[in-house]
Amino acid sequence: MARYAARVRYQVGKYWLGQRSGSPAGYRMWIDPKTRRTGRASLGTTDFEEAKAILNDWFVLNQSKTQEAPDETTLAEVFARFYEHHGQHLRSAVDIRRSLRYWLEFHGEVTIKQALHQDQQLKFRNWLSAEKKLSQSSVRNALMIGKSALNWAWKRGDIASVPYVQLVNPPKPEPKGRPLEIEEVAKLLKAAREQHVRVLIAFLIGTAARTGAILDLHLSQIDLEHRLIDLNPKGREQTKKYRPTVKLPEQLAAYIEVRKQASGTEALVRYEGSAVESVKRSWASTRAAAGLSGNVQTYSFRHTIARWLRMQSVPAWEVAAQLGHKAPDYSTTEIYAPFDPAYLTKATDAIDLFLCQVARQLDADTVSEFLLESI
């Protein structure tokens with residue numbers, strides 16, 4: 001490998017390449033402003049060109065920038081510092097690295113201003129779609145990661161401003177399941193050959209919760225005295241898919257009373273004595289046996305109750321609270337606490353009415369009666 005000549009120097013900013021006496025290795029060297037002495041750090045190589053590249057990379061990653069204009073800073077500098085100091089420590093580090101590579105592969109060593117010219121942004125979006133074969137949502141994700149890196153640099157004070165980054169509209173998600181009529185819900189309950197599927201259907205209707213929330217639900221989360229169901233298990237952190245506390249409909253109360261007498265802590269939805277983690281197979285057979293057409297999924301019950309509550313003129317805030325949606329202008333938990341007698345009264349009455357009409361289709365007084373007869 002090529003050795004450093006004693007007088008050969010390469011400098012970037014206040015740092016230069018040098019050697020210690022008697023050593024062929026390259027060092028990053030600088031003058032300490034406090035002691036006025038020369039500081040040094042090994043670069044781990046004796047190859048001059050390799051040492052230059054290492055020094056350049058270190059400088060980009062660690063040398064602080066202050067309020068640089070977008071036409072004075074390259075994307076490569078900003079992205080390198082962002083990934084080194086922030087991006088690689090995130091859970092999405094792999095996606096971040098891939099997206100930043102897309103930006104740099106297309107734009108090369110251009111400045112922020114050049115990369116974010118509107119014509120250049122359009123070409124980049126088209127390139128991601130045509131050359132990289134990315135879906136609309138993946139294109140949007142790549143653009144958002146680049147935008148986040150630039151905003152990170154701006155918040156740190158590295159750059160003075162960030163030009164506007166044009167995103168693409170997110171694709172509309174496919175419906176997870178069409179709403180059902182009362183007669184169709186009854187057909188599904190009749191067609192269900194297994195008790196755990198019947199219980200799941202009844203409580204999906206009775207709570208308007210997502211399937212995962214009901215599969216996670218234990219009897220200890222149901223307060224019979226106050227007629228409350230806490231859909232969020234103890235110790236689970238709330239996520240964007242918020243799990244609220246809702247009222248227990250009277251149509252389902254008798255079933256819970258019987259279950260709690262046997263065991264007050266077991267999972268609500270059980271199969272052969274164990275909690276159920278998935279109902280894909282049993283749901284497919286139930287749906288086929290019911291002979292329903294269209295996109296009928298377990299999520300259909302949530303859509304069904306959401307539509308039913310609107311049809312029954314339930315106030316918007318109650319619908320949002322029942323579904324676990326966060327209202328934009330006010331917090332439902334600040335309007336009514338779960339133990340307030342008025343909490344979700346209209347929503348629960350409407351759900352009880354729906355369940356009552358389902359029970360009639362099943363030739364039962366209540367849905368609880370139907371469930372208990374099936375045990």
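Check the entry above for the structure.
As the structure is a computational prediction, the values presented were derived from the model and not from experiment.

Calculation notes
- Residues numbered from 1 in each chain as written.
- Predicted model: local features only at pLDDT ≥ 70, side-chain atom pairs only at ≥ 80, totals over all residues.
- Heavy atoms only, no water.
- Axes fitted to C-alpha atoms, helices over the stretch in contact; angles between N-to-C directions.
- Helix = DSSP H or I, 4+ residues; strand = E, 2+ residues; numbered from the N terminus.
- Parallel < 35°, antiparallel > 145°, perpendicular 65-115°, else oblique.
- Left-handed = near helix turned anticlockwise from the far one by under 90°.
- Contact = heavy atoms within 4.5 Å.
- Nonpolar A, V, L, I, M, F, W, Y, C, P; charged D, E, K, R; others polar.
- Buried < 20%, exposed > 50% of the residue type's maximum accessible area, 1.4 Å probe, protein only.
- Salt bridge = Lys/Arg side-chain N within 4 Å of Asp/Glu carboxyl O.
- Core = buried A, V, L, I, M, F, W, Y, C linked by side-chain atoms within 4.5 Å.
- Phe/Tyr/Trp six-rings, centres within 6.5 Å; stacked < 30°, edge-to-face > 60°.

Colleague: Residue-level account of the packing of helix H7 (residues 182-191) against helix H8 (residues 195-207), with values.
Modeller: Any two packed helices are characterised by the angle at which their axes cross and by the distance between the axes. Contact geometry of H7 with H8 gives a least axis separation of 9 Å together with a crossing angle of 155 degrees. Relative to H8, the element H7 lies roughly antiparallel. Note on packing geometry: the crossing formed by H7 with H8 is left-handed. In this structure, H7 contributes Val185, Leu188 and Leu189 to the contact, and H8 contributes Arg198, Ile201 and Ile205. Per-class residue counts for the contact of H7 with H8 are five nonpolar, no polar and one charged.

Colleague: I'd like a description of helix H2 (residues 75-85), backed by residues and values.
Modeller: Across the 11 residues of H2, eight count as buried, placing the element largely inside the fold. For H2, the complete set of buried residues consists of Leu75, Ala76, Glu77, Val78, Phe79, Arg81, Phe82 and Tyr83.

Colleague: Which residues make up the pattern of salt bridges, and what are the values?
Modeller: Within this structure, the stated rule accounts for 12 salt bridges. When the shortest N-O distance is used, the salt bridge between Arg178 and Glu184 registers 2.8 Å. Measuring nitrogen to oxygen at the nearest pair gives 3.3 Å for the salt bridge that ties Glu181 to Arg307. Residue Glu181 is located in the loop between helix H6 (136-156) and H7, and its partner Arg307 is located in helix H12 (residues 300-311); the two are separated by 126 residues in the primary sequence. On the accessibility criterion, Arg307 (26% relative accessible area) is partly exposed.

Colleague: Please give an account of the packing of helix H3 (residues 93-107) against H6 that cites residues and values.
Modeller: At their nearest, the axes of H3 and H6 sit 9 Å apart, and the two run at 90 degrees to each other. When the axes of H3 and H6 are compared, the pair comes out roughly perpendicular. Residues Asp95, Ile96, Ser99, Leu100, Tyr102 and Trp103 of H3 lie in contact with H6, whose contacting residues are Asn141, Ala142, Leu143, Ile145, Gly146, Lys147 and Ala149. Classifying every residue of the contact of H3 with H6 by side-chain character gives eight nonpolar, three polar and two charged.

Colleague: Go over the nonpolar core, please, and point to the residues and values.
Modeller: For soluble globular proteins, nonpolar side chains are generally found buried alongside one another. Core analysis: the largest hydrophobic core is formed by 65 residues, its most contacted members being Phe203, Ile214 and Leu268. With eight residues, the top contributor of residues to this core is H8. Aside from chain neighbours lying at most four places away, what touches Phe203 is Ala208, Ile214, Leu248, Leu252, Tyr255, Ile256 and Leu268. Among the nonpolar cores identified, the runner-up in size contains 29 residues, and Leu75, Val139, Ala142 and Leu150 belong to it.

Colleague: Can you tell me about unusual backbone geometry, naming the residues and giving the values?
Modeller: The backbone of Arg36 sits at a positive phi, close to 65 degrees, despite the residue not being glycine. Mapped onto the elements, Arg36 comes out in the loop between strand S3 (27-31) and strand S4 (38-42). Phi at Glu272 is positive, roughly 55 degrees, even though this residue is not glycine. For Glu272, the position within the fold is in the loop between strand S8 (270-271) and strand S9 (274-275).

Colleague: Could you give me a rundown of the packing of aromatic side chains, with the residues and numbers involved?
Modeller: All chains considered together, the criterion is met by 10 aromatic pairs. Judged by centre distance (6.1 Å) and plane angle (55 degrees), the ring pair of Tyr15 and Trp30 falls under tilted. Of the two residues, Tyr15 is situated in strand S2 (residues 15-18) and Trp30 in strand S3; the sequence distance between them amounts to 15 residues. Judged by its relative accessible area of 16%, Tyr15 is buried. Since its relative accessible area comes to 22%, Trp30 is described here as partly exposed. Between Phe106 and Trp127 the ring centres are 5.3 Å apart and the planes differ by 45 degrees, which places this aromatic pair in the tilted class. Of this pair, Phe106 sits in helix H3 while Trp127 sits in helix H5 (residues 118-130); the two residues are 21 residues apart in sequence, bridging distant segments of the chain. The exposure class of Phe106 is partly exposed, given its relative accessible area of 23%.

Don't take any of this as a statement about function, it's just geometry.
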